Amino acid sequence: MLILFLCPYAKAESVIKQLESQERVVCSFSNCKKVKETIIRDFGLSSEVISEVEVKGLPEELESVKKSLFLLLVNKKPDREVLESAVMYVKLQLKLEGYYFPEVFWRVKKEKSGYKVFMNVVPGEVLWIKEVEVFSPSEIKSIAISIFKTLQGKFLKAKVLKESFEKLKKELAKRGYFNSAVDFDFSEVKSAFSVVGRKPVVLKIFVKTGKKYAIKFEGITHFSDKKLLSITTFFESYSVDEFEVKESSERIEKFYKNNGFPFAEVSAELKAKEGIVIFKIREGRKVLISEVKGVGKSLPKG
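Residues numbered from 1 in each chain as written. Predicted model: local features only at pLDDT ≥ 70, side-chain atom pairs only at ≥ 80, totals over all residues. Heavy atoms only, no water.

1. Observations concerning the sheet that holds strand β1 (residues 50–56)
Pairing in this open sheet of three strands is mixed, and the strands run β1-β3-β2 from one edge to the other. Edge strands, defined here as strands with exactly one partner in the open sheet, are β1 and β2 (103–111). Strand-to-strand twist in this sheet, taken as the mean axis angle between neighbours without regard to direction, amounts to 20°. In the sheet, β1 pairs with strand β3 (residues 114–122) via six bridges, with the strands oriented parallel. Its bridge partner being in β3, K56 is matched across the sheet by N120. (Pairing = 2+ DSSP bridges. Helix = DSSP H or I, 4+ residues; strand = E, 2+ residues; numbered from the N terminus. Axes fitted to C-alpha atoms, helices over the stretch in contact; angles between N-to-C directions.)

In C-alpha coordinates form, the structure reads like this:
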(Lines give C-alpha, C1' and ligand atoms only; values in the text may rest on other atoms or scores of the structure.)
Protein backbone atom coordinates (compact mmCIF):
# COMPACT_ATOMS: atom_id res chain seq x y z
CA MET A 1 0.00 0.00 0.00
CA LEU A 2 1.26 3.47 -0.84
CA ILE A 3 0.95 6.13 1.85
CA LEU A 4 1.03 9.77 0.73
CA PHE A 5 0.94 13.01 2.69
CA LEU A 6 -0.25 15.50 0.09
CA CYS A 7 -0.89 19.22 0.28
CA PRO A 8 -4.08 20.08 -1.67
CA TYR A 9 -2.00 22.37 -3.86
CA ALA A 10 0.82 19.88 -4.52
CA LYS A 11 2.24 19.97 -8.03
CA ALA A 12 2.28 16.92 -10.28
CA GLU A 13 6.06 16.64 -10.01
CA SER A 14 5.85 16.49 -6.20
CA VAL A 15 3.20 13.77 -6.30
CA ILE A 16 5.20 11.63 -8.68
CA LYS A 17 8.42 12.01 -6.66
CA GLN A 18 6.64 10.77 -3.53
CA LEU A 19 5.18 7.85 -5.45
CA GLU A 20 8.52 6.88 -6.93
CA SER A 21 10.27 6.97 -3.56
CA GLN A 22 7.74 4.55 -2.10
CA GLU A 23 7.09 2.27 -5.06
CA ARG A 24 10.59 0.83 -4.90
CA VAL A 25 9.71 -0.62 -1.50
CA VAL A 26 6.19 -1.87 -2.12
CA CYS A 27 6.04 -2.63 -5.82
CA SER A 28 6.68 -6.32 -5.17
CA PHE A 29 3.34 -6.49 -3.34
CA SER A 30 1.01 -4.41 -5.55
CA ASN A 31 0.56 -2.92 -9.00
CA CYS A 32 2.29 0.42 -8.35
CA LYS A 33 1.80 1.71 -11.88
CA LYS A 34 -1.97 1.31 -11.65
CA VAL A 35 -2.11 2.86 -8.15
CA LYS A 36 0.05 5.80 -9.23
CA GLU A 37 -2.12 6.53 -12.26
CA THR A 38 -5.28 6.40 -10.13
CA ILE A 39 -3.94 8.85 -7.53
CA ILE A 40 -2.66 11.27 -10.18
CA ARG A 41 -6.03 11.20 -11.93
CA ASP A 42 -7.97 11.75 -8.68
CA PHE A 43 -5.90 14.83 -7.93
CA GLY A 44 -6.58 16.26 -11.39
CA LEU A 45 -2.94 15.76 -12.32
CA SER A 46 -3.22 13.19 -15.09
CA SER A 47 0.09 12.37 -16.73
CA GLU A 48 -1.80 11.53 -19.94
CA VAL A 49 -2.66 15.15 -20.73
CA ILE A 50 -0.69 18.26 -21.65
CA SER A 51 0.80 19.89 -18.57
CA GLU A 52 3.12 22.47 -20.08
CA VAL A 53 3.40 24.60 -23.22
CA GLU A 54 6.57 26.30 -24.44
CA VAL A 55 6.33 28.78 -27.31
CA LYS A 56 9.24 30.44 -29.09
CA GLY A 57 9.44 32.87 -31.99
CA LEU A 58 6.28 34.94 -31.46
CA PRO A 59 6.62 38.66 -32.28
CA GLU A 60 6.57 40.92 -29.21
CA GLU A 61 3.11 42.28 -30.03
CA LEU A 62 1.70 38.75 -29.79
CA GLU A 63 3.14 37.69 -26.43
CA SER A 64 -0.40 37.46 -25.03
CA VAL A 65 -1.03 34.52 -27.40
CA LYS A 66 1.09 32.35 -25.07
CA LYS A 67 -1.52 32.66 -22.32
CA SER A 68 -4.28 31.73 -24.74
CA LEU A 69 -2.35 28.67 -25.90
CA PHE A 70 -1.90 27.58 -22.30
CA LEU A 71 -5.67 27.73 -21.78
CA LEU A 72 -6.31 25.95 -25.09
CA LEU A 73 -3.92 23.05 -24.50
CA VAL A 74 -3.29 22.37 -20.82
CA ASN A 75 -5.26 19.42 -19.42
CA LYS A 76 -6.14 18.30 -22.96
CA LYS A 77 -4.95 15.06 -24.51
CA PRO A 78 -2.12 15.66 -26.98
CA ASP A 79 -4.21 14.61 -29.97
CA ARG A 80 -3.21 15.84 -33.41
CA GLU A 81 -6.61 17.52 -33.84
CA VAL A 82 -6.13 19.54 -30.63
CA LEU A 83 -2.62 20.59 -31.60
CA GLU A 84 -3.57 21.49 -35.17
CA SER A 85 -6.39 23.68 -33.85
CA ALA A 86 -3.85 25.49 -31.67
CA VAL A 87 -1.59 25.97 -34.71
CA MET A 88 -4.50 27.43 -36.70
CA TYR A 89 -5.23 29.83 -33.83
CA VAL A 90 -1.60 31.04 -33.80
CA LYS A 91 -1.59 31.53 -37.59
CA LEU A 92 -4.83 33.51 -37.40
CA GLN A 93 -3.41 35.83 -34.75
CA LEU A 94 -0.29 36.34 -36.86
CA LYS A 95 -2.40 37.15 -39.91
CA LEU A 96 -4.35 39.72 -37.92
CA GLU A 97 -1.04 41.47 -37.28
CA GLY A 98 0.10 41.37 -40.91
CA TYR A 99 2.10 38.12 -41.01
CA TYR A 100 0.39 36.34 -43.91
CA PHE A 101 2.84 33.47 -44.49
CA PRO A 102 3.80 32.10 -41.06
CA GLU A 103 5.01 28.62 -40.25
CA VAL A 104 4.39 26.89 -36.94
CA PHE A 105 6.26 23.75 -35.95
CA TRP A 106 5.38 21.65 -32.93
CA ARG A 107 6.47 18.54 -31.11
CA VAL A 108 5.31 16.75 -27.99
CA LYS A 109 7.49 15.24 -25.29
CA LYS A 110 6.30 12.80 -22.63
CA GLU A 111 7.41 13.82 -19.15
CA LYS A 112 6.64 12.49 -15.68
CA SER A 113 4.04 15.15 -14.95
CA GLY A 114 2.36 14.88 -18.36
CA TYR A 115 3.05 15.94 -21.92
CA LYS A 116 5.00 19.05 -22.80
CA VAL A 117 4.22 20.83 -26.07
CA PHE A 118 7.03 22.72 -27.79
CA MET A 119 5.88 25.23 -30.40
CA ASN A 120 8.29 27.11 -32.64
CA VAL A 121 6.84 30.03 -34.62
CA VAL A 122 8.41 31.45 -37.76
CA PRO A 123 6.30 34.57 -38.50
CA GLY A 124 7.83 35.28 -41.88
CA GLU A 125 7.82 38.73 -43.41
CA VAL A 126 5.15 41.22 -42.43
CA LEU A 127 3.31 42.76 -45.39
CA TRP A 128 3.83 46.50 -45.80
CA ILE A 129 1.45 48.50 -48.00
CA LYS A 130 3.48 50.51 -50.50
CA GLU A 131 0.57 51.38 -52.81
CA VAL A 132 -3.23 51.12 -52.84
CA GLU A 133 -5.37 50.53 -55.91
CA VAL A 134 -9.17 50.73 -55.81
CA PHE A 135 -11.48 49.03 -58.31
CA SER A 136 -15.07 50.23 -57.92
CA PRO A 137 -17.95 51.97 -59.72
CA SER A 138 -17.03 55.56 -60.55
CA GLU A 139 -19.79 57.12 -58.43
CA ILE A 140 -18.26 55.91 -55.15
CA LYS A 141 -14.60 55.56 -56.13
CA SER A 142 -13.51 58.81 -54.47
CA ILE A 143 -15.05 57.66 -51.17
CA ALA A 144 -13.28 54.29 -51.34
CA ILE A 145 -9.95 55.91 -52.21
CA SER A 146 -10.21 58.37 -49.30
CA ILE A 147 -10.73 55.47 -46.88
CA PHE A 148 -8.14 53.01 -48.16
CA LYS A 149 -5.39 55.49 -49.01
CA THR A 150 -4.96 55.99 -45.27
CA LEU A 151 -3.54 52.43 -45.11
CA GLN A 152 -0.66 53.29 -47.42
CA GLY A 153 2.65 53.08 -45.61
CA LYS A 154 1.22 50.78 -42.92
CA PHE A 155 1.35 47.05 -42.27
CA LEU A 156 -1.41 44.97 -43.84
CA LYS A 157 -3.19 43.92 -40.65
CA ALA A 158 -6.40 41.96 -41.19
CA LYS A 159 -8.18 43.63 -38.29
CA VAL A 160 -7.35 47.12 -39.62
CA LEU A 161 -8.49 46.08 -43.10
CA LYS A 162 -11.78 44.83 -41.68
CA GLU A 163 -12.34 48.18 -39.95
CA SER A 164 -11.82 49.95 -43.28
CA PHE A 165 -14.31 47.59 -44.95
CA GLU A 166 -16.89 48.44 -42.29
CA LYS A 167 -16.22 52.15 -42.69
CA LEU A 168 -16.79 51.98 -46.45
CA LYS A 169 -20.00 49.93 -46.05
CA LYS A 170 -21.26 52.52 -43.58
CA GLU A 171 -20.56 55.34 -46.04
CA LEU A 172 -22.30 53.43 -48.82
CA ALA A 173 -25.35 52.81 -46.61
CA LYS A 174 -25.57 56.54 -45.89
CA ARG A 175 -25.88 57.07 -49.63
CA GLY A 176 -28.55 54.38 -49.98
CA TYR A 177 -26.35 51.48 -51.15
CA PHE A 178 -27.02 48.23 -49.26
CA ASN A 179 -25.81 44.62 -49.58
CA SER A 180 -22.41 45.88 -50.72
CA ALA A 181 -19.34 43.64 -50.94
CA VAL A 182 -15.70 44.56 -50.38
CA ASP A 183 -12.75 42.25 -51.03
CA PHE A 184 -9.00 42.60 -51.39
CA ASP A 185 -5.89 41.08 -52.87
CA PHE A 186 -2.24 42.07 -52.93
CA SER A 187 0.79 41.66 -55.14
CA GLU A 188 4.44 41.83 -54.23
CA VAL A 189 6.45 44.89 -55.21
CA LYS A 190 9.88 43.93 -56.46
CA SER A 191 12.28 46.57 -55.26
CA ALA A 192 16.05 46.82 -54.95
CA PHE A 193 15.57 48.52 -51.59
CA SER A 194 13.59 46.76 -48.88
CA VAL A 195 13.70 46.51 -45.12
CA VAL A 196 14.57 43.07 -43.74
CA GLY A 197 11.46 41.28 -42.48
CA ARG A 198 9.13 43.61 -44.37
CA LYS A 199 7.58 42.70 -47.73
CA PRO A 200 6.25 45.70 -49.74
CA VAL A 201 2.97 45.02 -51.54
CA VAL A 202 0.32 46.72 -53.64
CA LEU A 203 -3.04 46.45 -51.87
CA LYS A 204 -5.92 46.00 -54.32
CA ILE A 205 -9.46 46.78 -53.16
CA PHE A 206 -12.51 45.51 -55.05
CA VAL A 207 -15.89 47.11 -54.31
CA LYS A 208 -19.42 46.12 -55.35
CA THR A 209 -21.89 48.74 -54.23
CA GLY A 210 -24.93 46.51 -54.05
CA LYS A 211 -28.41 47.86 -54.79
CA LYS A 212 -29.56 51.36 -54.03
CA TYR A 213 -32.72 51.45 -51.90
CA ALA A 214 -35.18 54.22 -51.11
CA ILE A 215 -36.72 53.81 -47.65
CA LYS A 216 -40.10 55.47 -47.17
CA PHE A 217 -42.52 55.94 -44.26
CA GLU A 218 -46.26 56.36 -44.62
CA GLY A 219 -48.74 57.49 -41.97
CA ILE A 220 -46.34 59.27 -39.61
CA THR A 221 -47.28 62.54 -37.91
CA HIS A 222 -45.38 62.52 -34.62
CA PHE A 223 -41.84 61.49 -35.61
CA SER A 224 -39.55 62.41 -38.49
CA ASP A 225 -38.35 60.11 -41.25
CA LYS A 226 -34.81 60.62 -40.00
CA LYS A 227 -35.71 59.46 -36.51
CA LEU A 228 -37.46 56.31 -37.67
CA LEU A 229 -34.70 55.55 -40.18
CA SER A 230 -32.17 55.57 -37.34
CA ILE A 231 -34.18 52.87 -35.54
CA THR A 232 -34.02 50.39 -38.43
CA THR A 233 -31.39 47.66 -38.63
CA PHE A 234 -30.24 48.64 -42.11
CA PHE A 235 -27.37 50.80 -40.87
CA GLU A 236 -26.09 48.08 -38.55
CA SER A 237 -26.06 45.21 -41.03
CA TYR A 238 -25.58 47.42 -44.11
CA SER A 239 -28.08 45.17 -45.85
CA VAL A 240 -31.73 45.14 -46.91
CA ASP A 241 -33.66 41.87 -47.14
CA GLU A 242 -36.84 40.26 -45.78
CA PHE A 243 -35.26 39.53 -42.40
CA GLU A 244 -33.92 43.07 -41.90
CA VAL A 245 -37.25 44.59 -42.98
CA LYS A 246 -39.13 42.42 -40.44
CA GLU A 247 -36.68 43.27 -37.65
CA SER A 248 -36.91 46.98 -38.49
CA SER A 249 -40.74 46.88 -38.45
CA GLU A 250 -40.70 45.34 -34.98
CA ARG A 251 -38.22 47.94 -33.74
CA ILE A 252 -40.33 50.83 -35.03
CA GLU A 253 -43.49 49.43 -33.49
CA LYS A 254 -41.73 48.93 -30.16
CA PHE A 255 -40.42 52.50 -30.34
CA TYR A 256 -43.95 53.86 -30.79
CA LYS A 257 -45.34 51.80 -27.91
CA ASN A 258 -42.55 52.93 -25.62
CA ASN A 259 -43.32 56.55 -26.46
CA GLY A 260 -47.02 56.76 -25.68
CA PHE A 261 -48.62 54.99 -28.64
CA PRO A 262 -49.75 51.61 -27.26
CA PHE A 263 -52.06 50.94 -30.23
CA ALA A 264 -49.45 51.55 -32.94
CA GLU A 265 -49.09 48.97 -35.72
CA VAL A 266 -46.36 48.77 -38.34
CA SER A 267 -46.28 46.78 -41.55
CA ALA A 268 -43.70 46.87 -44.33
CA GLU A 269 -43.35 46.08 -48.00
CA LEU A 270 -40.09 45.25 -49.73
CA LYS A 271 -39.97 45.90 -53.48
CA ALA A 272 -36.57 44.45 -54.26
CA LYS A 273 -36.71 44.94 -58.03
CA GLU A 274 -37.60 48.61 -57.68
CA GLY A 275 -35.24 49.13 -54.76
CA ILE A 276 -37.93 50.43 -52.39
CA VAL A 277 -38.89 49.65 -48.79
CA ILE A 278 -42.18 51.11 -47.53
CA PHE A 279 -43.14 51.16 -43.85
CA LYS A 280 -46.87 51.69 -43.32
CA ILE A 281 -47.58 53.01 -39.84
CA ARG A 282 -50.87 53.28 -38.02
CA GLU A 283 -49.91 55.36 -35.03
CA GLY A 284 -53.20 55.20 -33.15
CA ARG A 285 -53.99 57.73 -30.46
CA LYS A 286 -51.43 58.88 -27.99
CA VAL A 287 -52.07 57.86 -24.39
CA LEU A 288 -50.90 60.03 -21.51
CA ILE A 289 -50.96 58.72 -17.94
CA SER A 290 -52.25 61.53 -15.75
CA GLU A 291 -52.88 59.62 -12.54
CA VAL A 292 -52.04 56.25 -10.99
CA LYS A 293 -54.32 54.71 -8.34
CA GLY A 294 -53.85 51.60 -6.28
CA VAL A 295 -56.97 49.41 -5.95
CA GLY A 296 -57.45 46.71 -3.33
CA LYS A 297 -57.17 46.12 0.39
CA SER A 298 -54.33 47.69 2.27
CA LEU A 299 -51.72 45.40 3.71
CA PRO A 300 -51.69 44.92 7.49
CA LYS A 301 -49.09 46.96 9.31
CA GLY A 302 -46.16 45.35 11.02
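2. Regarding unusual backbone geometry
With a phi close to 70°, N75 is a non-glycine residue in the positive phi region. When its relative accessible area of 55% is taken as the criterion, N75 is described as exposed. For Y238, which is not a glycine, the phi torsion comes out positive at approximately 55°. Its location among the elements puts Y238 in the loop between α8 (234–237) and α9 (242–257). Given the relative accessible area of 13%, Y238 is considered buried. (Buried < 20%, exposed > 50% of the residue type's maximum accessible area, 1.4 Å probe, protein only.)

3. Brief notes about the nonpolar core
Formed by 23 residues in total, the largest nonpolar core has its most connected members in F148, L161, L168, L203, I205 and V207. Secondary-structure elements contributing two or more residues to this core are β4 (126–135), α5 (138–148), α6 (158–174) and β7 (198–208). Here V207 is in contact with F135, S136, P137, I140, A144, L168, L172, A181 and V182, once residues within four sequence places are set aside. (Core = buried A, V, L, I, M, F, W, Y, C linked by side-chain atoms within 4.5 Å. Contact = heavy atoms within 4.5 Å.)

4. Points about the packing of aromatic side chains
Tallying each qualifying case throughout the model produces 14 aromatic pairs. Pairing F178 with F234 gives two aromatic rings, centres 6.1 Å apart and planes at 65°, and the pair type is edge-to-face. Linking F178 in strand β5 (residues 177–178) with F234 in helix α8, this pair joins segments that are 56 residues apart in sequence. For the pair F178 and F234, one class covers both residues: buried. Here F223 and F261 contribute two aromatic rings whose centre-to-centre distance is 6.1 Å and whose plane-to-plane angle is 70°, an arrangement assigned as edge-to-face. Here the residue F223 occupies a position in the loop between β9 (214–218) and α7 (225–231), and F261 occupies one in the loop between α9 and β10 (265–271), the gap between them amounting to 38 residues. Using a relative accessible area of 1% as the deciding quantity, one classes F261 as buried. Chaining the aromatic ring pairs together yields one cluster made of F178, F217, F234, F235 and F279. Lying across the ring of F118, R107 places its NZ or CZ 4.1 Å from the centre. (Phe/Tyr/Trp six-rings, centres within 6.5 Å; stacked < 30°, edge-to-face > 60°. Lys NZ or Arg CZ within 6 Å of the ring centre and 35° of its normal.)

5. Examining the confidence of the model for the protein
Per-residue pLDDT for the protein averages 86, and the proportion of residues at 70 or more is 80%. Confidence drops under a pLDDT of 50 for residues 1–12, and excluding neighbours within four residues, the segment shows 20 contacts in the predicted structure. (pLDDT = per-residue confidence, 0-100.)

6. Section: the sheet that holds strand β6 (residues 181–188)
The three strands lie next to each other as β4-β7-β6, forming an open sheet whose pairing is mixed. Across the chains shown, the open sheet's two edge strands, defined by having one partner strand only, are β4 and β6. The average angle at which neighbouring strand axes cross in this sheet is 30°, direction not considered. With nine bridges joining them, β4 and β7 adopt parallel strand pairing. When the sheet's bridge partners are listed, L127 is paired in β7 with K199. Contacting β4, β6 and β7, α5 crosses the sheet at an angle of about 170° to β4. Of the strands in this sheet, β6 and β7 touch α6, which is tilted by about 140° from β6.

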